[in-house]
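Structural overview
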Amino acid sequence: GVPYHRGYLLYGPPGTGKTSLVSALGANFGLSIYSINLADFNDRTLMNAVNQVSPNSVLLFEDIDCMKSSKARVVSNPCMNDGTQPRDERENIADKNGVTLSGLLNVLDGFYAPTNVLFMMTTNRIETLDEALLRPGRIDYKLYLGKATDCQKMDLYRRFFPEASEFEA
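Residues numbered from 1 in each chain as written. Predicted model: local features only at pLDDT ≥ 70, side-chain atom pairs only at ≥ 80, totals over all residues. Heavy atoms only, no water.

Some points on the side chain of Arg 138
Among the structural elements, Arg 138 can be located in the loop between α5 (131-134) and β5 (141-144). A distance of 3.0 Å separates polar atoms of two side chains, one belonging to Arg 138 and the other to Asp 109. Polar side-chain contacts of Arg 138 include one of 2.7 Å to the backbone oxygen of Ala 132. In this structure Arg 138 touches Gly 7, Leu 105, Asp 109, Met 121, Ala 132 and Leu 133, once residues within four positions along its chain are discounted. (Helix = DSSP H or I, 4+ residues; strand = E, 2+ residues; numbered from the N terminus. Polar contact = N/O pair within 3.5 Å; in protein donor to acceptor, adjacent residues only side chain to side chain. Contact = heavy atoms within 4.5 Å.)

Here is the structure:
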């Protein structure tokens, strides 16, 4: 009854192949990849979308550092005796605020987290991520992808053009 999932974080400068690596892993192991842009969701719609992910799939959260990390706040309404807003107005505020950190954490390992799903996240700025997101159990492995060295660039070039000389590469 314990949900099984793994979380991986790929981080490093833009253009270093983080998303390409996820695509290659999915293709190699025959896994479907579901890509999530958190800016397009709020807590409720994210939960609904994640619940539709089939088992043995990859759920990719791209640019996780760009999450709004907003919180739905209830603003007092003078028309209500207890100082709260009617339910419909509270829901509209939550819908406009996007995905909160709490909403994301619930998707990753909360009660409704999907089972047999591989969570992959990419970021250009790991230092901006909340420690609660980075803890083991949510992120089980972090991999830095830096810029390619000159030697790596030459090797890659020569894979595509095996007849090329070292000077051409």
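After that view, the rundown keeps rolling.
What about a nonpolar patch on the surface?
A contiguous nonpolar surface patch, about 440 Å² in accessible area, is contributed by Leu 156, Tyr 157, Phe 160 and Phe 161. Inspection of the secondary structure assignment puts Tyr 157 in helix α6 (residues 150-160). (Patch = residues over 30% accessible without salt bridge, like charges linked within 9 Å, V, L, I, M, F, W, Y side chains within 5 Å. Areas by Shrake-Rupley, 256 points an atom, 1.4 Å probe, with all protein chains shown as cover. Salt bridge = Lys/Arg side-chain N within 4 Å of Asp/Glu carboxyl O.)

Here we look at the pairing of strand β3 (residues 57-61)
Among the five residues in β3, five count as buried, and that is most of the element. A two-sided burial pattern is seen for β3, the buried positions comprising Ser 57, Leu 59 and Phe 61 on one face and Val 58 and Leu 60 on the other. Bridge analysis of strand β2 (residues 32-36) against β3 gives five bridges, and the strand direction is parallel. If you follow Ile 36 over to β3, its bridge partner there is Phe 61. In terms of handedness, the path from β2 via helix α2 (residues 43-50) over to β3 forms a crossover that is right-handed. Two strands pair when backbone bridges link them, and β3 and strand β4 (residues 117-123) are joined in this way by five bridges, in the parallel orientation. Within β4, the position partnered with Leu 59 by the bridge is Phe 119. (Buried < 20%, exposed > 50% of the residue type's maximum accessible area, 1.4 Å probe, protein only. Pairing = 2+ DSSP bridges. Right-handed = clockwise from strand over helix to strand, strands pointing away.)

Concerning the packing of aromatic side chains
Scanning all chains against the criterion turns up four aromatic pairs. Here Tyr 157 and Phe 161 contribute two aromatic rings whose centre-to-centre distance is 4.9 Å and whose plane-to-plane angle is 40°, an arrangement assigned as tilted. (Phe/Tyr/Trp six-rings, centres within 6.5 Å; stacked < 30°, edge-to-face > 60°.)

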